[in-house]
Amino acid sequence: MEDSAPPVSTPPSKPATGAKATIERFSAAVHRYTELFFEKLTTIVVYHPAVTIGLVFLFVVIMAQGVWFYKEELSPDKQFSPRSSQAVKDEDWVLDRFGYENRPVQTMFEAKEGVNMLTKESLLFMMEMHEWLLSQWKIIDGKNVTYEVVCARYTKGDDCKIPVSVLTFWGHNRTRLEADPDPLTTINTVSWRSLEPSGPPLDFYLGKPEYNAAGEVVSARATRIDYNFKNEKVEISGVGKDDPQSRYFEIQIADDSEHRRKADEAAHGVGVYIRTTGQEDQAGKDSVNSDIGNLIIGYMLMVIYASFILSRSRPKYSHSLLGIVSVISVGLSTFSAYGFCWYIGIKFNTVVQVLILVLLGVGVDDTFVIMDSWWDCAHIESMRERMIAAVKHAGPAVTITSVTDLIAFLAGSSSSLPALQDFCYYASVGIAFDFMFQVTFVVAVAYLDTVRQQQSRADVLCCIKVGDHTGVCLGSDEEKARWTEAERGLQNRVVGTYLPRLILGSNIGKAVVLVVSAVFLALGIYGCTQLEMNYNNEWFIPSGSPFRDVMRVRDTYFGGNELPANAYFGAIDYPNEQGEVLRASEILRTNYWVVENSTSSWMEDFHTWVRGHPTYWGYWEQDRNRVAPYRFYDMLKQYASTATGPRSAWQHIDNIRWNDAGDALKASRVG
C-alpha cells in the first residue's frame, strides 16, 4: 500500500498593513456604526410607529410654510444666462439706462388663393382691422385698458408711436384710402423712403409680393401691420416680470381675432393672425401646464409599478400598499424640499417642476432595497426584530445610494446656469428629505403592514382575514422554505433565478447579451455624432396651439422670427468719436443677418439735419464728415428740440440719454 501524499498546507494570508489596513479598518468601522445607527433608529420607529408617522407629517406641514417666502424666476434670460456672465452685466447696464424694449405686436393678413392683398377691397379690410384694434378695450385688474393705454410713446404724454404697414401710404386713415381711386398706383408711384426713410423697405411688410416687367408690385399674398406696445415690467405671480396691462391686452385681442377668423375668411377671403409677446409666452406656459396632466399619469404609473413589484399572489404575503406609501413619501419629500428652499430664498423655476421625477426613482428604489432585505430575514420570527434586522442590513446600501446622489447634485450646483444650479439645490434637499422619510415614515408603515400580515389580513383590504399559515416562520424547515418562496413572489424569482439562469446558463444566452449590448453601444455612438446644440422657445409651443398658425404665417410670408439688435455706447467722448458711432451703424446695416435697411442711427440723422440747415454749415467740418466738436452738444440740443419730419429727433428720443447735468450724453444706441 502506497503512502498517501502529504496534505498541502496553505499559508495563512498576511494581515494588511499600512494604508490598505487603515482604509479597511475605516470602511469596516463606518459600516459597523452605520448598521448600529439604523438598528437604534429602527428600534425607535417600530416601537413607536404612529408617533413616527405623526412627526413626519408635522415636519412636512412646517416645511410647507415656506410657501409664504415663495419667489420665482421665469425669465429665460435669467434662468439660462450665467449670473456672472458679461451678457447679464451688459443687460443690467442697458436696463439701467434705457429700460425694456417696446413690445412688438404684428397683425398679419393671409389671403386665400386668388385673393390679392393689394386691392382696394383688401386694403380697406386691413384698415377695418386696424381701426378694430385701436378701438378695443379690456378690463384688466379692475381697470379699463385701451390701445391708448398700452401703446408705446416716444416720451410720456406724447402721441402713440405710429404703426407701420402698406397703409402708411395713406397715413392709416380710412378717408384718404377711400378717396384714392387706384391704391396700387399710389403704392408704385409714391416713394416709400419719403415716408419711412430709415425703416425696413416696403417688401418687409408684404408677403410673397409679385412684380411686373417694369418692377412694379402688382400683388401680395400677405401683409402686416407693426405696432409697438409699452413694456413697463413688474413682478406678476406665476408669470415673472412683465407689463400686466400690455400682456393681458395682447392675449385678449389675439384670442378675439382667432374667434372671428373664420368669419373674416368667409366674408373677405383673408385670415387675420395677431402675433404678440404675451400670446407667445402664454402659449408656452399653457404647454408646460398641460404637462402637469402627463406628470400625474407618470406618477400613477409609478404607483402601479411599485405596488406590482411589492405585491404577491397570496394577499397575506403581499405588500402592494407599501408601493403606494413609498410614492407618497416621495411626494412629501418633494413638497418639503420646495418649502425648505423657499425658506432660504432659492427661487422656483420651470426646471424645478421635474424634481419629483428624479426623487421617484431614488425613493422607490430605497423601498425596494429595504423590502428585499426584509425577505432575506425570513428566518427571524419576531416582526419587530425582523424589521430591525432588515433595515440594519439595508441601511448602509440605502445610505451609500442617497449620499452618492446627494454629492452628485451638490457638485451640479456649481453650474454657471442659474436654472440648473437652483434645480441641483432643490434636488439635493429633496434627496436628503427622501432618505429621511424612507427610513422613518416608510419603515413605520412597513412595520404596521407586517403586523397586518401576522394577523393573516389581506394586503390593502386589511379588514379582511385570509387563510394560509397563521404563524410566521414556524414548523419544519420545508414549511419555512415554502413560506419564504411564497413571500418572495414571482417578480423576485424571475429576476433572481430565471433570468440569470437564462443569460448565464448557456453560451447562447451570453452571446445574445453581448450582441444586444454591442448594438446599443453602436446606436449610442451614432447618436452622439448626430448631436446638435440648439434652442428655440417655439419648441415649447404644443402642436395643437392656435399660436402654431400664427408662426406658420410668419414663417411662410415674413422670413421667420425677428430679434432686436442694437449697438450701445456709454459716456464716450461723443464730439470727437462721431465717426465711431457712424461705423457701428454701418456695421449693423451691412450685416448679413440684419434685415435690409431696418436700422436707424441718431448720429446719421443728426448729421443730415445739420447739413440741411445753411445756418449751421459753418459748424460742419466737411473734410472730417462731422459736426465741429466744440459745437456738437449745442447743435444736438437744437436738433432735439426743433427737428421735424421723418428723420426728426423725436424718433430718437429713446436712443440717447443725457447725464444729470444735461450737458453731455451718458449713453446712446444705434440699431
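What you see is a predicted model; the values in this text were computed from it and never measured.

This part covers the packing of helix H2 (residues 49-64) against helix H13 (residues 320-343). It is at 7 Å that the axes of H2 and H13 come closest, and there the two elements cross at 40 degrees. Considered as vectors, H2 and H13 are oriented oblique to each other. With respect to the hand of their crossing, H2 and H13 are arranged in left-handed fashion. In contact with Phe-57, Phe-59, Val-60, Ile-62 and Met-63 of H2, H13 contributes Leu-332, Ser-336, Gly-339, Phe-340 and Tyr-343.

As a further point, take the side chain of Arg-224. Inspection of the secondary structure puts Arg-224 in strand E7 (residues 222-229). Judged by relative accessible area, which is 0%, Arg-224 ranks as buried. Among the polar contacts made by the side chain of Arg-224, one reaches the side chain of Asp-226 at a distance of 2.9 Å. Aside from chain neighbours lying at most four places away, what touches Arg-224 is Gln-106, Thr-107, Met-108, Val-164, Ser-165, Phe-204, Tyr-205, Phe-558 and Glu-562.

Taken together, the buried positions of helix H22 (residues 632-642) are Phe-632, Tyr-633, Met-635, Leu-636 and Tyr-639. Here the buried residues of H22 occupy an arc of 160 degrees about the axis, which is enough to place them on one side.

As a further point, take the sheet that holds strand E11 (residues 567-569). In sheet architecture, strand pairing relies on hydrogen bonds along the backbone and comes in two forms, parallel and antiparallel. Reading across the sheet, the three strands line up as E11-E15-E14 and stay open at both edges, with antiparallel pairing between neighbours. Each edge of the open sheet is held by one strand with a lone partner, namely E11 and strand E14 (656-658). Across the sheet, the axes of successive neighbouring strands diverge by a mean angle of 5 degrees, strand direction being ignored. In this structure, E11 lies alongside strand E15 (residues 665-670), joined through three bridges in antiparallel fashion. Each residue of the ladder has a partner; that of Ala-567, found in E15, is Val-670.

Burial of strand E10 (residues 270-276) is extensive: seven of the seven residues sit out of reach of the surface. A two-sided burial pattern is seen for E10, the buried positions comprising Val-270, Val-272, Ile-274 and Thr-276 on one face and Gly-271, Tyr-273 and Arg-275 on the other. Both strand E1 (residues 103-111) and E10 contribute to a ladder of seven bridges, which runs antiparallel. Across the sheet, Val-105 pairs through a bridge with Thr-276, a residue of E10.

Turning our attention to the sheet that holds E10. Taken in spatial order, the four strands line up as E4-E7-E1-E10 in an open sheet, and their pairing is antiparallel. Both outer strands of the open sheet, strand E4 (206-207) and E10, are each paired with one neighbouring strand and no more. Here E1 runs beside E7; their pairing, made up of eight bridges, is antiparallel. Its bridge partner lying in E7, Gln-106 is registered against Asp-226. Set on the sheet, helix H5 (residues 120-135) makes contact with E1, E7 and E10; between it and E7 the angle comes to about 20 degrees.

In this structure, Tyr-338, Leu-355, Trp-374, Met-387, Tyr-426 and Phe-441 are the most contacted members of the largest nonpolar core, which totals 60 residues. At the level of secondary structure, the elements contributing two or more residues to this core comprise helix H1 (18-47), H2, helix H12 (277-310), H13, helix H14 (355-376), helix H15 (383-412) and helix H16 (418-454). The greatest single-element share of this core, amounting to 16 residues, is contributed by H16. Formed by 40 residues, the second largest nonpolar core is a distinct cluster that contains Met-117, Met-129, Cys-151 and Phe-169.

Rules of the game
- Residues numbered from 1 in each chain as written.
- Predicted model: local features only at pLDDT ≥ 70, side-chain atom pairs only at ≥ 80, totals over all residues.
- Heavy atoms only, no water.
- Axes fitted to C-alpha atoms, helices over the stretch in contact; angles between N-to-C directions.
- Helix = DSSP H or I, 4+ residues; strand = E, 2+ residues; numbered from the N terminus.
- Parallel < 35°, antiparallel > 145°, perpendicular 65-115°, else oblique.
- Left-handed = near helix turned anticlockwise from the far one by under 90°.
- Contact = heavy atoms within 4.5 Å.
- Buried < 20%, exposed > 50% of the residue type's maximum accessible area, 1.4 Å probe, protein only.
- Polar contact = N/O pair within 3.5 Å; in protein donor to acceptor, adjacent residues only side chain to side chain.
- Arc of directions from axis to C-beta.
- Pairing = 2+ DSSP bridges.
- Core = buried A, V, L, I, M, F, W, Y, C linked by side-chain atoms within 4.5 Å.

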